[in-house]
Structures are given as C-alpha cells and as structure tokens.
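# Analysis of the macromolecular model
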Amino acid sequence: MNRIVLVGNGFDLAHGFQTRYEDFVNWYWEQWLSKLRFCHSYMESDDLCKFTLISHQDTWHSHLFARVPFILHKPQGKDFVEEIRRNPDTYIIEECRFFKEICKSLYEKKWVDIENEYYKFLRSFLAESQYDNPHILNRELDFIKSRLIEYLTSIQGEYIQDLPQNDNIKQKIFSPFTSKDISINAGEIWVNFLKSRYELSQNLWKDLLSSYNESDVYDRLCRINSFKEKYWELTKLMGIKIVPEEELPEEFLLPDRIMLLNFNYTQTADAYLPKANCFTVNHIHGELSKPESVIFGYGDELDEGYKELLKLDENEYLRNMKTIRYSESGNYRNMLSFIESAPFQVCIMGHSCGNSDRTLLNTLFEHKNCVSIKPFYHQKEDGSDNYLDIVQNICRNFTDMKLMRDRVVNKTFCTSLSS
C-alpha cells in the first residue's frame, strides 16, 4: 500500500517562507518603487499598470529624490502604493482590470487566489466580458507568471537551499498506516496489506527497511521476526485480523512507496525524501529551474463554464488550462501510473484543495485504489484551525458524497501539519 502526499503552499509557509500571493504582490510594488527611482519621465508602465505624475514637468526620479525621508527609509511596496492612492492630485495609478481585481481582493479579504480570479475573467467571455479578446487577458497572466517565477526564485535562492527539515513534518510523511484512517469500504484491502507484510521474505524486508533507514535494519528485522514467532500459530489458524493492531510492529505498517505530489514550484519538498527508488517527488506544476515547465492557470473540467468555453472553438480560451498543459511533460502520467499500481492513501500537507486543481484532485479522490484522505490542518495562533475549510474544499472535488464521507479521515485522527 502506498502514500501520495499533496504538497501545497502551506507546506512552504510552515517553513517560514513568504510565498503567499500577498507577499508576491507586495514584492511587485517594491520592484515598482525601485524602477520609478530611476525613471526620467513623468510616466512609466508595464503589462499590468501605469504610474503617472500629474505634473508633466517633473520626472519620477527627481520627484522621489526630492522627498529625502521617503528615499532614506524605503517603505514596503504596499505602503508606497497606498501613498500614491491617497494623493490623486499628484499621482495617477492605472491597473488593468485583472490586476485591479487581484488588488481589490487583497484589500477587502486580505488574501487572493490569482488562478481563481483568472478563471472568473475567462468565464466572463461567455457573457459580457470586460476584455475585447482572451489574448489580452492571457498576456497579463503570462506577465504575472514571469514575475512570480522571478520572486519565488529569489525566495528559493535565499532561504530554501540550506533548508532545515521540520521533524514533525518528516515524521508525518513517513508515519505508519493506521486502521483508523482506512475507509470502511477498503477493509478487505487493509487485511490483504497486513497479510502481504506477514508473508514478506527476509530479503524484501531488508530492501524496504533500508530505504527508510539503513542504520537500524538489523534491529527492525529482529522485531519483525519476534512478532511473527509470537503470533505464528494464531495467525495460521485465525488469520492476521485476530492480532490486535497495537501489537503490530511499526514496520508492518510502513508505506511501500511514497510520492510527494508537489503543487508548489519550489524545491522545499525535495529535502525530505532520501535517495531511494520507492520515494519520489513529482513536480506536477513544474520547477523554477525550468521556467518553461511552470503551469499556472486553472484546472476544473467539472465546471459548466469550462464546457461552454470548449464550445467557443477558440484555442486561446484553453491556453492556460492545467489539464491541457499537463500533456507537455510526463508528470501527470507518472502520477496516474503511481495510483494505478496499488491501493494508496492521500495525505494533504498545505494544499487547500480548491477548485483550481479540481480535475486532478477528483481523479485522485474518487480513484478505485484510494483508501483514505487525511488532511493535516493549519493550527492558528488563536487556537482555531482550518480542518473544516479543507474538508469543505475536498467535498467540491467529489461527485459521490457517500464516497467522500467514507474516505476523509475525521478530525479526531488528524493533527496540525507542524505540531
């Protein structure tokens, strides 16, 4: 039995990295401030916005350097933009409709999902769109993607290269299975898994245990052999189900294979897996070191709007659909091969399970081999957590609610990601 771990942005956040879209937008504004300091014109623009001085007799360079305290004490990007907005008699800032909606969400809700905002604008072409054609919207998304890659590359270069592992997270990735996590419908699969472990040869046990930790293989083999000797007669007569689970050695319940399905673009997840064939990291959305591989868009084929976009017979509407972009690499097929090979548990670490990955998540969650979906939630400072939010989002990725209720592990048996 295998385990597939969904690694989302909360995984990077748990390591202290500033990888929220809010952090990215703040960085983008800081880049603008640096750019305007050396702008010898009253106006400057890019694909998302335009900054203009009302006085065309002045330049941004001379105007900003005249404000000495402002220069000596560089503000955060968002503070700089707020200053601009507070003085409409001096400055004008014009944003494209897409980016304006992103900033509006950050201002009103304190968070934003850029991929969801993109899909809202894409669906607007089915009614009365604010854009003349999808090429303009896609060009703006491409620009955001290029700047996001630049930002995350700087984060990765500064912080992630010498990443200290979080022991609590590592323990959860490699933790043994427990029957409490297994769905009722997968009861027979669970018993067969235990039987296969009981019948495993010494050589195969050595291979499995050495992949986890080469230094203590002998001691762990001794525990396994002692257990089998103790229960040999009983299991021969009545089967493995008769053995109390607390009597089973931890080794009996370890996953055969583990795949970290990394939805981030960073390499944080790579630091956790030892070099063994049974452990893999699948960068399903690409890697920063290969910018052309980065997939940034939307992936919800179950939405009615997606079906209507298909009918428009214009490829530009589909250019940033994740499910189409997956065909550009072997990552998606590798995931399919993994889940087809054996029963598997899904562990969720830092992924919100939102609609932007709905097609892929539906494939995982409703697959015949899926025996368990276990969310590791975020524990907030006030004592609350987001377990219910994750489960609500998981629900949207199912078409069979009865199946969802059986497979999702209840909160009693779940813990926070970092604790």
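Here the structure is shown first, and the text comes after it.
Cut-offs and rules
Residues numbered from 1 in each chain as written. Predicted model: local features only at pLDDT ≥ 70, side-chain atom pairs only at ≥ 80, totals over all residues. Heavy atoms only, no water. Buried < 20%, exposed > 50% of the residue type's maximum accessible area, 1.4 Å probe, protein only. Helix = DSSP H or I, 4+ residues; strand = E, 2+ residues; numbered from the N terminus. Arc of directions from axis to C-beta. Contact = heavy atoms within 4.5 Å. Polar contact = N/O pair within 3.5 Å; in protein donor to acceptor, adjacent residues only side chain to side chain. Phe/Tyr/Trp six-rings, centres within 6.5 Å; stacked < 30°, edge-to-face > 60°. Lys NZ or Arg CZ within 6 Å of the ring centre and 35° of its normal. Pairing = 2+ DSSP bridges. Axes fitted to C-alpha atoms, helices over the stretch in contact; angles between N-to-C directions.

## Overview of helix 11 (residues 202–212)
- Considered for burial, the residues of helix 11 that qualify are Trp205, Leu208, Leu209, Ser211 and Tyr212. For helix 11, the buried positions fall inside an angular range of 155 degrees around the axis, keeping them on one side. For helix 11, the exposed residues set more than 90 degrees away from the buried face come down to Asn203 and Asp207.
- At its buried positions, helix 11 is contacted by helix 10 (187–198), helix 12 (217–238), strand 5 (258–262) and strand 6 (279–283).

## Thoughts on the side chain of Asp303
- Take Asp303: it is sitting in the loop between strand 6 and helix 13 (304–311).
- Since its relative accessible area comes to 16%, Asp303 is described here as buried.
- Within polar-contact distance, the side chain of Asp303 engages the side chain of Tyr119 at 2.8 Å.
- For Asp303, the side chain forms a polar contact with the main-chain nitrogen of Gly305, separated by 2.9 Å.
- When near neighbours in sequence (up to four residues on either side) are disregarded, Asp303 contacts Tyr119, Arg123 and Arg358.

## Considering the packing of aromatic side chains
- Counted under the stated rule, the structure contains 32 aromatic pairs.
- The interplanar angle of 40 degrees and the centroid separation of 5.5 Å between the aromatic rings of Trp205 and Phe252 together place this pair among those described as tilted. With a gap of 47 residues between them, Trp205 in helix 11 and Phe252 in the loop between helix 12 and strand 5 connect regions that are remote in the sequence. Per residue, the accessibility class of Trp205 equals that of Phe252, and both read buried.
- Taken together, the ring pairs connect Tyr28, Trp29, Trp32, Phe51, Trp60, Phe80, Tyr91 and Phe99 into an aromatic cluster.
- Just above the ring of Trp111 sits the side chain of Lys109; from NZ or CZ to the centre is 4.7 Å.
- Taking the ring centre of Tyr377 as reference, the NZ or CZ of Lys411 above it sits at 5.6 Å.

## Regarding the sheet that holds strand 2 (residues 43–45)
- What the three strands build is an open sheet, ordered 2-3-4; its pairing is antiparallel. At either end of the open sheet lies a strand with only one pairing partner, and these are strand 2 and strand 4 (91–95). Within this sheet the neighbouring strands show an average axis-to-axis angle of 10 degrees, counted without direction.
- As defined by bridge partners, strand 3 (residues 49–53) adjoins strand 4 across five bridges and the pair is classed as antiparallel. Bridging from a neighbouring strand, Thr52 pairs with Ile92 of strand 4.
- Along the sheet, helix 2 (residues 21–37) contacts strand 2, strand 3 and strand 4; its crossing angle with strand 3, the most-contacted strand, is approximately 40 degrees.

## Considering the pairing of strand 3
- The buried fraction of strand 3 amounts to four of the five residues, a majority that puts the element mostly inside the structure.
- Pairing of strand 2 with strand 3 involves three bridges; the strand directions are antiparallel. Bridging from a neighbouring strand, Met43 pairs with Thr52 of strand 3.
- Between strand 2 and the antiparallel strand that follows it, strand 3, lie three residues.

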